[in-house]
Amino acid sequence: MQFRILGPTQVLLADGREIPVGGPRLRALLALLLLDAGRMVSAERLIDGLYGEHPPRGAANALQSQVSRLRQALPAEHNPVEFHPAGYRLAIDPGDVDAYRFERLAEAGSRALASGDWSRAVAVLREALELWRGPALADVIDLAGAPAQAARLDELRLAAIEDRIEAELALGAHAALVAELRELVVAHPLRERSRGQLMRALSALGRPAEALAEFEDARRTLAEQLGVDPSAALAAIHLAVLRGEAHPAVRGTSEPALPSQLTTFVGREDELKRVGELLGERRLVTVTGPGGAGKTRLAIEAAGRLDSEVRFVELAGLAHGSDVPQAVLSALGLRDAGLRAPVEPNRQATDRLVEALAERRLLLVLDNCEHVIADAARLAARLLSACPTLSVLATSREPLGLAGEALCPLSGLTLPPPDVSVLDADDYAAVILFAQRAADVAPDFAVTSANVEMVLRICRTLDGLPLAIELAAARLRALPVAEVAARLDDRFRLLSMGNRAASPRHRTLRAVVEWSWDLLDDAERRLARRLTVFAGGATLEAAGRVSGLPTAEFVDALTGLADKSFVELTGGRYRMLETVRAFCAERLAEAGEADQLRRAHATYFVEFAWTASDHLRRAEQLQWLRRLDAERDNLHAALRRATAAGDASEAAGLVAALSFYWWLRGMRGEGARLAAGVLDLLGAEAPPGLGEEFALCVFNASLGGSGHLPSGSQQSMIRSLGRPPRQPFLLYLSGISTGPPSGGAEDVEDLMRELRRLVGPDVWINALGAMGTGSAQMWRGQWDQARTALVTALDGFRSTGDRWGAMITLGALGELAAWRDDPETASAHMDEALGLAESLGSAVDQADMLRTRGELRLRAGDLAAAWDDFAAALLLAQRSGAPEFVSSARLGLAQVARLRGDLGEARRLCEEALVGGLTGWYVGEATRSEIILVLDQIAEAEKAGAPEAPGAPPSADGA
């Protein structure tokens, strides 16, 4: 059967005959189930949708009656309506519902548009839009929640129309679109994208005056209705119309799954076809070839043509093979731990990846594997064996060496034969690439009979390797093509006649880069070699500070390097191609500046890390988290280099400064490994003047199972500092590592008195102390005192702007309110905590908060709400690869099922919860114990032959 809700609700048989569903109430019930096709819909949600806020008496029975009538209306052989203790489910493929098909096709069309496949985008988007027969949910719009769903679908429809128009504009169909665009602008006068498309179409048709009039109308409408000016994108189109310029396509601002490319893709059609065919047959495909052959670009182009989810992982900047799993976690937007939980000692980032990707259909592009080949191969093997719907596309100079690996070897672009004519030379990819890139820097350049021999000589000498050709073409900014050809011949003569066992990169690209190096002036050479100290690029400020050049000389040299393709500016950061960077790093060593630049780099990033750490406890927390994310490679590179060089002060200082960042970003595993390396340098005792740094190294390392925790109390540790801690997060981290004071609230108060003596009126530290005091009092049953302390802590964290501290405190207040039988207050606190976890970008902690809120609702007897929370927590935990929270969410669902009397379902969920994720740190062990307890209670109920009374408090109270 086919189901339609993009218009009046309809059910069609395979032969196209419509099945009459019945009256408005029955169609409304069907629409509610179709909106969650294939998923469980609770009886409460269905009642709310059918009857609103004031359902009649016996609404549950009325719902059962409506479900029965719906079953009778549908053919018996296709009856998809299923009853479950949690509600009802329409057991159909979501693809049989027009709204779901529309969304999938719209997404595919959007991807085709983003990749430049205009014809496919038009075809797919037209197919999507043809599914609409009128307003969405037209005959059931009075349902609770239906207006919001209809508005969402309508917004997607408008976006698909605009995407289709965008593709048709790219294909040149300007005249045919003007009338449609005018209708769209009249119907939606505030949508700037449609307005911009109309302006571009009119301008392309030679009607700039009408295009300018449209802009004026938009400006006036926005000012009158919203009091705002047109967006920068619309203003740019206006300026282009005034200048008579062409108008590039205007796309959305969402971050692409693949890196965007600034130049056209030349040649490689056979290789593109081969990679596409291999990805349809194999799950591991590796593009191999020498450096500069264009492996990365080919992989991006091939992946962009697929109708599947893609994630791109850049490995070139990694210093260590052990960092490969963390790089994949970052590309997927995952963490190796949540905000509120220490990392398990024996748990690896790979395990979290397996959990997150186990049921996800995804193409993972692993780029530049050669320098971490063994670790990349191990990770690929593990993920492919454990995740059946995952595929991997790798680029490397050598195969990964795994069974089932399919290879796509890549060499140079196609080259003309020796006797080719000038007319035929333009048909070969190497010549096309050189001509295009040369024209970028010398607009008058073209391949002619006068220069064709020199162009062919350049392309052949460089073996058709794209990067080498592009570097050579860039020299036409300053040299004639004959001089370029002559210099290349001089440079390659020795290498081409040397060691034939040398890598292709050293036979070709090294010569190109060395020749390019000779064209730099002294200041450009100094800056080029000094920039190699950065990992993952550098900001303008960082490059200027670390390079040590005078300001005027630095700006001129950086401009020269950018002009000569030695560095590129992307997203406000200056980066070097890896081949260029490796060559320049050798020049740095030859100049004897490597250690000097390492120290300058470390000094800069130690200062940056401490500045950022202070801001992480303030309202600008999110902004500085993003800045730290951008500099993560540099920060960790500085830490590793300082450790390797034996610079204890800098290495320990970076661990101390980064401790709070690692915690907020869920990087406890990586932080533990880095801290353990510094501990090996520091030894068993704190060096003079590094007491705080040593303690933070110990506590961070302990989260990964390394190091020995210090003896003595937190109070003695604080007293030994003799000053306020520079990293106040030390206080929380020490408590997590060593556990709360044995004396409870009294010891916490003693600790706070000692802190206040040292710190004075530090709001954040005093808020942290109040939170610790309140938590200890709460567990001792001193509820009034606990609430007072926790409210004080919350006020303190809010006044500083720290979302993390507020989130933790709100979670504690929520639990306290639940214990005091105040479910409304508990729910409000947990809702706010959940919002803060979301703002911090932590899906793991959202899962944890939802699970906690579910437990509080379970305690209050609200089984339906508890079920919804546990189910949502389960989904987030599965997507994040957090098995400990997967198990605890399933345990929560089992408790709800037990209290509803469904002992079989409760047992099944408990048994699933026991599988995996419960080894290591104490949370897993506590969950395991609770699961066993609930299984015992289920067994007792089964023996008694009667389910527990609904609404009874859960047996695992307070878990």
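Residues numbered from 1 in each chain as written. Predicted model: local features only at pLDDT ≥ 70, side-chain atom pairs only at ≥ 80, totals over all residues. Heavy atoms only, no water.

### What about the confidence of the model for the protein?
Link 1 in the chain: Summary statistics for the protein give a mean pLDDT of 82 and a share of 86% for residues scoring 70 or more.
Link 2 in the chain: For residues 490–508, every residue scores under 50 in pLDDT, and the model assigns this stretch 24 contacts once sequence neighbours within four places are set aside. (pLDDT = per-residue confidence, 0-100. Contact = heavy atoms within 4.5 Å.)

### Concerning the environment of Glu82
Link 1 in the chain: Checked against the element boundaries, Glu82 lands in strand 4 (residues 81–84).
Link 2 in the chain: The partly exposed category is assigned to Glu82, whose relative accessible area is 28%.
Link 3 in the chain: For Glu82 and Arg71, which are 11 residues apart along the polypeptide, the C-alpha to C-alpha distance reads 9.4 Å.
Link 4 in the chain: When neighbours within four sequence positions are excluded, Glu82 is seen to be in contact with Arg71, Gly87, Tyr88, Arg89 and Ala91. (Helix = DSSP H or I, 4+ residues; strand = E, 2+ residues; numbered from the N terminus. Buried < 20%, exposed > 50% of the residue type's maximum accessible area, 1.4 Å probe, protein only.)

### Side note on the pattern of salt bridges
Link 1 in the chain: Inspection of the entire model under this criterion finds 49 salt bridges.
Link 2 in the chain: In this structure, Arg220 engages Asp217 in a salt bridge whose closest nitrogen and oxygen atoms are separated by 3.1 Å. Taken together, the residues span about one helical turn, with Arg220 and Asp217 both in helix 9 (residues 208–226) at a distance of 3 residues.
Link 3 in the chain: Among the residues examined, Arg220 registers a relative accessible area of 40% and is labelled partly exposed.
Link 4 in the chain: In the salt-bridge network here, residues are joined through shared partners; they are Glu155, Glu162, Asp163, Glu166, Arg191, Arg193 and Arg200. (Salt bridge = Lys/Arg side-chain N within 4 Å of Asp/Glu carboxyl O.)

### Here's the deal with the nonpolar core
Link 1 in the chain: Ranked by size, the top nonpolar core spans 141 residues in total, and within it Leu531, Phe566 and Trp804 carry the most contacts.
Link 2 in the chain: Take this core: its biggest share by element is 12 residues, from helix 30 (residues 648–664).
Link 3 in the chain: Residues in contact with Leu531, not counting those within four places in the same chain, are Ala543, Leu558, Leu561, Val567 and Met576.
Link 4 in the chain: With 75 residues, the next largest nonpolar core counts Val81, Ala167, Val185 and Val241 among its residues. (Core = buried A, V, L, I, M, F, W, Y, C linked by side-chain atoms within 4.5 Å.)

### Topic: the packing of helix 5 (residues 118–129) against helix 6 (residues 146–170)
Link 1 in the chain: Relative orientation of the contacting elements helix 5 and helix 6 amounts to 150°, with a least axis distance of 9 Å. Put simply, helix 5 runs roughly antiparallel to helix 6. The two elements helix 5 and helix 6 cross, and the hand of that crossing is left-handed. On helix 6, the residues that touch Trp118, Ala121, Val122, Leu125, Arg126 and Leu129 of helix 5 are Arg157, Ala160, Ile161, Asp163, Arg164, Ala167, Glu168 and Ala170. (Axes fitted to C-alpha atoms, helices over the stretch in contact; angles between N-to-C directions. Parallel < 35°, antiparallel > 145°, perpendicular 65-115°, else oblique. Left-handed = near helix turned anticlockwise from the far one by under 90°.)

### Focus on the packing of aromatic side chains
Link 1 in the chain: Here the structure, examined in full by the defined rule, presents 17 aromatic pairs.
Link 2 in the chain: Ring centres 5.5 Å apart and planes at 85° place the aromatic pair Phe102 and Trp132 in the edge-to-face group. Placement of the pair is Phe102 in helix 4 (residues 98–114) and Trp132 in the loop between helix 5 and helix 6, with a sequence separation of 30 residues. Here Phe102 and Trp132 have matching classes, each one buried.
Link 3 in the chain: Pairing Phe729 with Tyr732 gives two aromatic rings, centres 5.6 Å apart and planes at 25°, and the pair type is stacked. Note that Phe729 and Tyr732 are positioned in helix 34 (residues 729–738) at a spacing of 3 residues, about one turn of the helix. Assigned by exposure class, Phe729 and Tyr732 land together as buried.
Link 4 in the chain: An aromatic cluster of at least three residues, connected via ring pairs, comprises Phe660, Trp663, Phe729, Tyr732, Trp764, Phe797 and Trp804. (Phe/Tyr/Trp six-rings, centres within 6.5 Å; stacked < 30°, edge-to-face > 60°.)

### Some remarks on helix 7 (residues 174–187)
Link 1 in the chain: In this model, helix 7 (14 residues) spans 20 Å end to end at C-alpha, consistent with the 20 Å of a helix rising 1.5 Å per residue.
Link 2 in the chain: At Glu180, helix 7 shows its largest kink, close to 30°.
Link 3 in the chain: All of the buried residues in helix 7 are His174, Leu177, Val178, Leu181, Leu184 and Val185. (Expected span 1.5 Å × (residues − 1). Bend = angle between axes of the 7 residues up to and from the residue.)

### A word on a nonpolar patch on the surface
Link 1 in the chain: There is a patch of nonpolar side chains on the surface, built from Leu190, Leu226 and Val228 and spanning about 240 Å² of accessible area.
Link 2 in the chain: Mapped onto the elements, Leu190 comes out in the loop between helix 7 and helix 8 (192–204).
Link 3 in the chain: Take Leu190: its relative accessible area is 35%, and that puts it in the partly exposed class. (Patch = residues over 30% accessible without salt bridge, like charges linked within 9 Å, V, L, I, M, F, W, Y side chains within 5 Å. Areas by Shrake-Rupley, 256 points an atom, 1.4 Å probe, with all protein chains shown as cover.)

### Comments concerning the side chain of Glu692
Link 1 in the chain: If you trace the backbone, Glu692 turns up in helix 32 (residues 691–702).
Link 2 in the chain: A distance of 2.6 Å separates a polar side-chain atom of Glu692 from the backbone nitrogen of Gln727.
Link 3 in the chain: Sequence-distant contacts of Glu692, defined by excluding residues within four places in its chain, comprise Leu721, Arg723, Pro725, Arg726, Gln727 and Leu730. (Polar contact = N/O pair within 3.5 Å; in protein donor to acceptor, adjacent residues only side chain to side chain.)

### Some details on unusual backbone geometry
Link 1 in the chain: The phi dihedral of Leu137 is positive, around 55°, even though this residue is not glycine.
Link 2 in the chain: Tracing the chain through its elements places Leu137 in the loop between helix 5 and helix 6.
Link 3 in the chain: One non-glycine residue with positive phi stands out, namely Arg268, at about 65°.
Link 4 in the chain: Take Arg268: it is sitting in the loop between helix 10 (232–243) and helix 11 (269–281).
Link 5 in the chain: Judged by its relative accessible area of 7%, Arg268 is buried.

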